[in-house]
Amino acid sequence: MAQVLLKDITKRFGNVTAVDNISLDIDDEEFIVLVGPSGCGKTTTLRMVAGLEEITSGTIYIGDTVVNDVPPKDRDIAMVFQNYALYPHMDVYNNMAFGLKLRKFPKNQIDQRVKEASRLLGIENLLDRKPKALSGGQRQRVAVGRAIVREPKVFLMDEPLSNLDAKLRVQMRAELSKLHNRLRTTIMYVTHDQTEAMTMGDRIVVMKDGHIYQVGAPLEIYKHPDNIFVAGFIGSPAMNFLDVVLRKEGETYTVDSNGIKVEIPAEKAASIKNIGQYVNEHVVLGIRPEEIEDAVLVADDPRYATIEADVDVTEPMGSEVYAYLTSGDNNFIARLDASTDAVDSSKIRVGLNMHSIHLFDKDTENVIR
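Residues numbered from 1 in each chain as written. Predicted model: local features only at pLDDT ≥ 70, side-chain atom pairs only at ≥ 80, totals over all residues. Heavy atoms only, no water.

Once that is clear, we can look at the sheet that holds strand β9 (residues 203–208). In spatial order, the strands read β6-β7-β8-β3-β9-β10; together these six strands make up an open sheet with mixed pairing. Among the strands making up the open sheet, the edge pair consists of β6 (77–80) and β10 (211–216). Taken pair by pair, the neighbouring strands of this sheet meet at an average axis angle of 15°, ignoring direction. Two elements, β9 and β10, share five bridges in a ladder whose sense is antiparallel. Bridge pairing in β10 links valine 205 to valine 215. (Pairing = 2+ DSSP bridges. Helix = DSSP H or I, 4+ residues; strand = E, 2+ residues; numbered from the N terminus. Axes fitted to C-alpha atoms, helices over the stretch in contact; angles between N-to-C directions.)

Written out as structure tokens, the structure is:
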């Protein structure tokens, strides 16, 4: 296996900069996920590592080797595409074996690798079928199997689950994670689905407009986002953002908006080193839907500040209820307990967990540390 190092990588298509001077260090055996909205540069980054796109400037290392000018077939990588890219005229066995045959591997070694990979993926009974006779999930397994038999230094996966239905995506997420644990390979995985990123990656690389906005472990990024974009992109439903004014009354900090005025607990305020610089300034308060709960359920919890809100719409999800609320000029979503009394077009008192709020600079959109 191998470490992958991207150093000051830029890719331009004419006057359009798709990837803008990014650097990234991927450890040996790491499962790293590049996530971001469409057009953020994640697939272009993956294709540059694969050698399918020529870089404009910068250096790419696979292991200790600079691969800028190394053709894709000599980079010792295997790629799994969104559309699986299987040969329709070949059966599963020959689709998986094709790359090894091109490299003139001995027949017995090809047979051994194909059968081991098919057993690992649970497709050993499909080896004589053509792709048209397979379901989407089976085709996806064949595409992964074709990559596995190569035993490459690095696996590159470009949205391999996006063509599957929701239930199968959940199942295949778990399968790919188990596969990584067994093979201990280096994997670069591209997706626009933040749930895939959160559940699969050892680390997440959040990208936007050709830039890397934050790199870190899934829970680190979830709990400590660096900026409004990352905070809003990671998490479902997305974090709520409220435009507020930060006040200081004696030694107490409060946030004030039309319809909402709540106190920031002293220990939370003390943890925000630069908070004093923003007194009487407009800032953005971020709070996740799961940190908002029915006031009756958190009445004795000192972390919560309660407010009154109008219930616009509720979405029962079985184990919980998503409530779309309005308080003054503020619209936000709460993820309430299934026992909530909230119904459409009613009023409710909710508690905001003030220990879990985030404050962001309104101009730079960076978190106030």
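That shown, we press on.
With that settled, the discussion passes to the side chain of threonine 326. Note that threonine 326 resides in strand β17 (residues 320–327). One polar contact links threonine 326 to aspartate 312, side chain to side chain, over a distance of 2.5 Å. Setting aside its immediate chain neighbours within four residues, threonine 326 contacts Ala309, Asp310, Asp312 and Asn331. (Polar contact = N/O pair within 3.5 Å; in protein donor to acceptor, adjacent residues only side chain to side chain. Contact = heavy atoms within 4.5 Å.)

With that settled, consider the packing of helix α2 (residues 92–102) against helix α3 (residues 107–121). Helix packing for two helices is described by the angle between their axes and how far apart those axes are. Between α2 and α3, the least distance of the axes is 10 Å, while the angle of their chain directions is 135°. Taken as axis vectors, α2 and α3 run oblique relative to one another. As α2 packs across α3, the resulting crossing turns out to be right-handed. Listed contacts from α3 to Tyr93, Met96, Ala97, Leu100 and Lys101 of α2 are Ile110, Asp111, Arg113, Val114, Ala117 and Ser118. (Parallel < 35°, antiparallel > 145°, perpendicular 65-115°, else oblique. Left-handed = near helix turned anticlockwise from the far one by under 90°.)

What follows deals with helix α5 (residues 166–183). Compared with an ideal rise of 1.5 Å per residue, which puts 18 residues at 26 Å, α5 spans 26 Å between its outermost C-alpha atoms and is within 8% of the ideal. All of the buried residues in α5 are Leu168, Met172, Arg173, Leu176, Ser177, Leu179 and His180. Taken together, the buried residues of α5 touch β3 (31–35), α3, α4 (136–149), β7 (154–158), β8 (186–191) and α6 (194–200). The N-terminus of α5 is capped by aspartate 165, whose side-chain oxygen sits 3.2 Å from the backbone nitrogen of lysine 167. Just past α5, the residue arginine 184 takes up positive phi, approximately 50°. (Expected span 1.5 Å × (residues − 1). Buried < 20%, exposed > 50% of the residue type's maximum accessible area, 1.4 Å probe, protein only.)

Our next topic: the sheet that holds strand β1 (residues 4–13). Judged by pairing direction, the sheet is antiparallel, and its four strands sit side by side in the order β2-β1-β4-β5 without closing on themselves. A single partner strand is all that each edge strand has here, and the edge strands are β2 (16–26) and β5 (65–66). Looking at chain direction, strand β4 (residues 57–62) and β5 are connected through two bridges and run antiparallel. The partner of isoleucine 62 across the bridge, within β5, is threonine 65.

With that settled, the discussion passes to the confidence of the model for the protein. Looking at the protein as a whole, the pLDDT averages 93, with 100% of positions reaching at least 70. Of all helices and strands in the protein, the one with the weakest mean pLDDT is α5 (86), whereas β10 scores best (98). (pLDDT = per-residue confidence, 0-100.)

A few words on the environment of valine 190. Assignment of secondary structure puts valine 190 in strand β8. Taking the C-alpha atoms as reference points, valine 190 and isoleucine 368, separated by 178 residues in sequence, lie 30 Å from one another. If near-sequence neighbours (up to four positions away) are discounted, valine 190 is found in contact with Leu34, Lys42, Thr43, Leu46, Met157, Asp158, Glu159 and Pro160.

Here the focus is unusual backbone geometry. With an omega of -5°, the peptide bond running from serine 236 to proline 237 counts as cis. On the secondary structure map, proline 237 appears in the loop between α8 (228–233) and β11 (240–249). A positive phi angle is found at tyrosine 84, which is not glycine, with a value near 70°. Secondary-structure assignment places tyrosine 84 in the loop between β6 and α2. Of note, the phi angle at glutamate 159 is positive, near 45°, even though the residue is not glycine. Inspection of the secondary structure assignment puts glutamate 159 in the loop between β7 and α5.

The subject of this paragraph is the pairing of β17. Most of β17 is tucked away, with six of its eight residues classed as buried. Across six bridges, the pairing between strand β16 (residues 304–316) and β17 is antiparallel. In the sheet register, aspartate 310 faces β17, and the bridge partner there is threonine 326. What sits between the antiparallel neighbours β16 and β17 is a turn of three residues, in which glycine 318 has the positive phi angle 95°.

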